[in-house]
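Chain by chain, the residues:
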Amino acid sequence: MGMYDDLLAIKGSGSVFDKLTPVSPAKADEIKILSKALPDGYVSFLLDIGFGEIGEVGYMLYDGLIDPLEIYGGKGLGGILLFGDDLQGFNSGFKTENWSVVEIDSVNLTVYDAASDFQCFIRGKIMELG
């Protein structure tokens, strides 16, 4: 039984995550190569449920991880990899030391603890936007 079988069962029936698209085969191969280092909940979600917009202008889940330097330039956010944003100025990502989830305020780059793991975070986000 898969980690997100309950979500797969309702995807396509009007859920807030209906528009998510599973990653491409090439991206899936890339993720599988890195999956020993990445949290299972994150990898499974991208492969089984997908990436994209959750809700109507609610949350954007990227198709992979992004170094904060790509978004914030030379600002120091070492040890964090981003996986999404709320389309309003907060990015979400992992603290790579323990793979807990954090949120970053783009105005002042304050880092807030958001969840102990990706599965808790994404299920909470789906409930919030549903």
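Higher on the page you've got the structure.
Being a predicted model, the structure only gives us computed values, none of them experimental.

The rules behind these values
Residues numbered from 1 in each chain as written. Predicted model: local features only at pLDDT ≥ 70, side-chain atom pairs only at ≥ 80, totals over all residues. Heavy atoms only, no water. Pairing = 2+ DSSP bridges. Helix = DSSP H or I, 4+ residues; strand = E, 2+ residues; numbered from the N terminus. Axes fitted to C-alpha atoms, helices over the stretch in contact; angles between N-to-C directions. Contact = heavy atoms within 4.5 Å. Parallel < 35°, antiparallel > 145°, perpendicular 65-115°, else oblique. Nonpolar A, V, L, I, M, F, W, Y, C, P; charged D, E, K, R; others polar. Polar contact = N/O pair within 3.5 Å; in protein donor to acceptor, adjacent residues only side chain to side chain. Buried < 20%, exposed > 50% of the residue type's maximum accessible area, 1.4 Å probe, protein only.

A.B. asks: Sorry if this is basic, but what is going on with the sheet that holds strand S5 (residues 100-105) here?
C.D. replies: Within a sheet, each strand pairs with its neighbour through backbone hydrogen bonds, oriented either parallel or antiparallel. Strand order across the open sheet formed by 6 strands is S1-S2-S3-S4-S5-S6, with antiparallel pairing between neighbours. The open sheet has two edge strands, strand S1 (52-54) and strand S6 (111-115), and neither has a second partner. With direction set aside, neighbouring strand axes in the sheet form an average angle of 35 degrees. Across the sheet, helix H3 (residues 40-49) touches strand S2 (59-66), strand S3 (80-85) and strand S4 (90-95), and the angle it forms with S2 is around 110 degrees.

A.B. asks: Help me out: how do you make sense of the pairing of S4 in this one?
C.D. replies: For S3 and S4, the ladder comprises 5 bridges, and the chain directions are antiparallel. Paired with leucine 81 across the bridge in S4 is phenylalanine 94. Note: S4 against S5, 6 bridges, orientation antiparallel. Of the residues in S5, the one forming a bridge with glycine 93 is valine 102.

A.B. asks: Where do I start with the packing of H3 against helix H5 (residues 118-129) in this structure?
C.D. replies: Geometrically, a packed helix pair is captured by the angle between its two axes and the distance between the axes. Packing of H3 against H5 leaves a shortest axis separation of 7 Å and a crossing angle of 50 degrees. Compared by their axis directions, H3 and H5 come out oblique. Two secondary-structure elements touch here, H3 through Gly41, Tyr42 and Phe45 and H5 through Phe118, Ile122 and Ile126. Residues of the contact of H3 with H5, tallied by class, amount to 5 nonpolar, 1 polar and no charged.

A.B. asks: Help me out: how do you make sense of the side chain of serine 100 in this one?
C.D. replies: Along the chain, the position of serine 100 falls in strand S5. At 2.9 Å, the side chain of serine 100 forms a polar contact with the side chain of asparagine 98.

A.B. asks: Which parts of the structure should I look at to understand H3?
C.D. replies: An α-helical segment advances 3.6 residues per turn. Residues three or four places apart therefore align on the same side. Here H3 lies mainly inside the structure; 7 of its 10 residues are buried. Every buried residue of H3 is accounted for by Gly41, Tyr42, Val43, Ser44, Phe45, Leu46 and Ile49. The inward-facing, buried residues of H3 abut helix H1 (5-10), helix H2 (25-34), S2, S3, S4 and H5. Glycine 50 occupies a position one or two residues after H3 and carries a positive phi of about 125 degrees.

A.B. asks: What should I look at first to understand the side chain of aspartate 85 in this one?
C.D. replies: Following the sequence through the fold, aspartate 85 ends up in strand S3. Separated by 2.6 Å, the side chains of aspartate 85 and tyrosine 62 make a polar contact.

A.B. asks: For this particular structure, what's the right way to read the pairing of S5?
C.D. replies: Two faces make up the sheet, and in a regular strand the side chains alternate between them. Of all 6 residues making up S5, 5 are buried, and the element is well covered by its neighbours. Counted along the chain from S4 to the antiparallel partner S5, the turn is 4 residues long, and its residue tryptophan 99 has a positive phi close to 60 degrees. Two successive antiparallel strands, S5 and S6, enclose a turn made up of 5 residues, where leucine 109 displays a positive phi of approximately 60 degrees.

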